[in-house]
Amino acid sequence: MSVTENLNPEQIKGVMTTEGPVLILAGAGSGKTRVLTHRVAHLIEDMGVSPYHIMAITFTNKAAGEMRERVNNMVSYGAESVWVATFHSSCVRILRRFADRIGYDTHFSIYDADDQKTLMKAVCKDLNIDTKIHKERTFINAISSAKDELLDAEGYLAAAAGDFNKERTGQVYREYQARLRKNNAFDFDDLIMKTVELLRQDKEVLSYYQEKFEYVMVDEYQDTNTAQFELVRLLSSGKNNLCVVGDDDQSIYKFRGANIYNILNFEKHYPDATVIKLEQNYRSTGSILDAANGVIANNRNRKEKALWTEQEAGEKIVFEHFDSAYEEADYVASNIGRLKKQSVFEYKDDAILYRTNAQSRLMEEKLIAANIPYKIFGGVNFYSRREIKDVLAYLKTVDNSADDLSVQRIINVPKRGIGQTTINKVSEYARINGLSFFEAVSRGKEIPGMGKTGEKLNAFSLFIDRLRVLSEESTVPELIRDITENTGYIAELEAEGTDEAEDRIMNIDELLNKAVTYQTDSEEPSLSGFLEEVSLVADIDNLDETHDYVALMTLHSAKGLEFPNVYMVGMEDGLFPSYMSIDDEAEMEEERRLCYVGITRAKAHLTMTAARTRMIRGETQYNAISRFVKEIPENLISGSTYDPNSRNPADLKGRGESVKSLSPVFRKPLPVKNFGTKIEKKALDYSEGDRVRHQKFGTGTVTLINDGGKDYEVTVDFDSAGTKKMFASFARLEKV
DNA sequence: GGTTTGAAACTTTTT
DNA sequence: GTTTCAAACC
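Residues numbered from 1 in each chain as written. Chains lettered and ligands numbered in written order. Predicted model: local features only at pLDDT ≥ 70, side-chain atom pairs only at ≥ 80, totals over all residues. Heavy atoms only, no water.

On to the pattern of salt bridges, then. Pairs can form between side chains of opposite charge whenever their charged atoms are close. Taken as a whole and assessed by the stated rule, the structure comprises 46 salt bridges. A salt bridge links Lys194 to Glu197, with the nearest nitrogen and oxygen atoms 3.2 Å apart. Linking Lys194 with Glu197, this pair stays in helix 9 (residues 188-201), spanning 3 residues, or about one helical turn. Lys194 sits in the buried class, given a relative accessible area of 11%. Arg200 is paired through a salt bridge with Glu230; the nearest N and O atoms lie 3.3 Å apart. Highlighted residues: Arg200 in helix 9 and Glu230 in helix 11 (residues 226-236), separated in sequence by 30 residues. Arg200 sits in the partly exposed class, given a relative accessible area of 44%. Classification of Glu230 as buried rests on a relative accessible area of 11%. Several salt bridges converge on common partners, so that one network encompasses Asp247, Asp248, Asp249, Arg302, Glu304 and Lys305. (Salt bridge = Lys/Arg side-chain N within 4 Å of Asp/Glu carboxyl O. Helix = DSSP H or I, 4+ residues; strand = E, 2+ residues; numbered from the N terminus. Buried < 20%, exposed > 50% of the residue type's maximum accessible area, 1.4 Å probe, protein only.)

Written out as structure tokens, the structure is:
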């Protein structure tokens, strides 16, 4: 088949312009993956380029997998030799081969956010920094940003001169980095930065890759950071055939160091660049597209473009406003159920998108109640569960005994009678003698003052040594089985007998399944390879085509996906846009881009919802309708509770005005729902100064009663539970 | 050395 | 409302 079949003229230009730097500005749903895959096929089939010389970098494994599959279907043979990988796994691949050239062992560990925090805690302790005052996270974030900008510890310290706080961070950075080095470990940011360091330092390695990668393509270019840009620049500067694809309107990872100027200034970096704009949208209906355009038009800092579609307007966007987040979730669940029953949409057509992971809980509850299958992506990562991290720590210990963090995590899991005191002694011994923690453990009996515990240390090190021998010839699943059985880890959980313990056993089984899959699917299975795979997968990578469930995820995770029927929930100022970004224009624009991403995920139908009251961290919040909803042209919106002029109920309450008299939405009776959260104002049988009883907090004295219009807000000074503010209808206080 | 309990912090987004 | 962490107790 011809590679230009079914492509529009601009797409064809993107496919055919193979030489030199190319910037493809691809609006949402404009077929950028199509262009990229056809481009690869064109290079191989029509131009005779060897697949070995082609590189395509993506952000997620899912995107990489899709591209590989589609290329596979288009070219006759050799597609598997194309280097299609994420930024991080590309770097791991390079480092696994050449890390020894920058002073690391190629059996390195990869540290995730939890590991970083543990390590940082130890660093702060050593430097006598009180983590109550200076949070580990603050240091980690500062170091991460520095690494995104390719600034090492010495550079950071040099730039910090005179600034006391920055100097402290610089010292923390230096020590943190020394520890990573000692543990033979990289954190996520290191993977990129150290690869750049390797390529800059070692001309041989650099020219090896420059000669290899004759054609380099980068997807989601708007989300690259400075380090990633430099990596791409280095790798592609052999033949200088670099093609980047992105959409500045979908840049949503500034907080992670993404540098939007990489795309905005691409033509400055590469003055001879060909710029191609893909503006025809093939995904969404006219209404959805107009809504997205209406919102994004409010951003000032963007490249002008006009996304258009040949599709009809289709259905209007539905907006519904509820009294509480419960009612909101209930509406979404019953709506999904109804559409399924009417055969309008399958479950797999539906996605519920939210700003924060915490919002998933309520949705989950209502979906369970409605008996609707669903799957939550993101949130608590499978690989960050305790039992999984424990098993992985064993594997990391076997793979890289210099990884003190992993050794210390499992040396007393399950309990072996090796406590903190012993660990401190061993650490001290290791430090004095310049050994790794594990080496010190092996010499446990030599450590002064160790006594009987020395035997326990010895037994542990022999166990690990045996595993290490075993790992030489056995498979990863065998190794995991050996660990969980011979340590008594599973037995301990079984003995516990709680539901939670059962869940943990199931999770370990799941890990075992993944190991089996890895062992059979991978060309050259190895322990390092398995550990690498589990470190670098994102939850979203597991969303497949054949599923039969509703997908729940954050707006961030949804980038790059599409669904026929999308619900954007929690459309409230303070939640989305987040209160964190409300008085910063740049951050507000990023939130707006996030909204744009959300809207453009929808193909046929889009519903937005908001709640007047919502519990956040145990406190009730009052939020106004998101400004983004109001930025959508009014004629595109329908919905029984839509009122663009509705005001924040909290503002009204403060001035003692009745909410009812001001906001027309409140006058419309909402359909009565048959669950117990409906707010109903009833006369109270107690007043200020009375003694009352609460189910949970016990007895107390009423100090204040506020008329909030719809409900009374009662402040009670409890005898033992302190002062609490609550709504009368929820609190069900009893006069005593 | 291990377990229990209560306070305190946390939530914006993640490869 | 949940999770994490330290102190106090066993």
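This part covers the packing of aromatic side chains. For the coordinates displayed, the defined rule picks out 19 aromatic pairs. Taken together, a centroid distance of 4.8 Å and an interplanar angle of 80° make the contact between Phe108 and Phe186 edge-to-face. Taken together, the residues span a long stretch of sequence, with Phe108 in the loop between helix 4 (87-98) and strand 4 (109-111) and Phe186 in strand 5 (residues 185-187) at a distance of 78 residues. Exposure remark for Phe108: the relative accessible area of 1% places this residue in the buried category. Following the ring pairs from residue to residue traces out a cluster consisting of Trp83, Phe98, Tyr208, Tyr209 and Phe213. For the cation-ring pair, Arg96 lies above Phe108, with the distance from its terminal atom to the ring centre recorded as 4.0 Å. Cation over ring: Lys559 sits above Phe59, and NZ or CZ is 5.9 Å from the ring centre. (Phe/Tyr/Trp six-rings, centres within 6.5 Å; stacked < 30°, edge-to-face > 60°. Lys NZ or Arg CZ within 6 Å of the ring centre and 35° of its normal.)

Right, let's get into the pairing of strand 14 (residues 602-616). Extensive coverage of strand 14 is indicated by the burial of 11 of its 15 residues. As paired elements, strand 14 and strand 15 (residues 619-622) share 4 bridges and run antiparallel to each other. For Thr613, the partnering residue across the bridge sits in strand 15 and is Tyr622. Taking the residues that link successive antiparallel strands as the turn, the strand 14-strand 15 hairpin has 2 residues, and the phi of Arg617 there is positive, at about 55°. (Pairing = 2+ DSSP bridges.)

Next up on the list: the packing of helix 23 (residues 489-496) against helix 24 (residues 499-521). Taken N-terminus to C-terminus, the directions of helix 23 and helix 24 make an angle of 150°; their axes are 8 Å apart at the nearest point. Classified by the angle between their axes, helix 23 and helix 24 sit roughly antiparallel to one another. The way helix 23 lies across helix 24 gives a crossing that is left-handed. When helix 23 is examined against helix 24, the residues Tyr489, Ile490, Leu493, Glu494 and Glu496 are found in contact with a partner set consisting of Ala501, Arg504, Ile505 and Ile508. Of the residues that constitute the contact of helix 23 with helix 24, the class distribution is 6 nonpolar, no polar and 3 charged. (Axes fitted to C-alpha atoms, helices over the stretch in contact; angles between N-to-C directions. Parallel < 35°, antiparallel > 145°, perpendicular 65-115°, else oblique. Left-handed = near helix turned anticlockwise from the far one by under 90°. Contact = heavy atoms within 4.5 Å. Nonpolar A, V, L, I, M, F, W, Y, C, P; charged D, E, K, R; others polar.)

Turning our attention to the protein's contact with DNA strand B. Surveying the vicinity of DNA strand B reveals 24 residues, the closest of which are Phe59, Arg355, Thr421, Thr422 and Tyr579. If you look at DNA strand B and keep only atoms within 4 Å of the protein, 62% of those are sugar or phosphate atoms. In the environment of DNA strand B, a sugar or linking oxygen lies 2.4 Å from a nitrogen or oxygen atom belonging to the backbone of Phe59. (Near = heavy atom within 4 Å. Polar contact = N/O pair within 3.5 Å; in protein donor to acceptor, adjacent residues only side chain to side chain.)

By themselves, these are just geometric observations and shouldn't be taken as functional.
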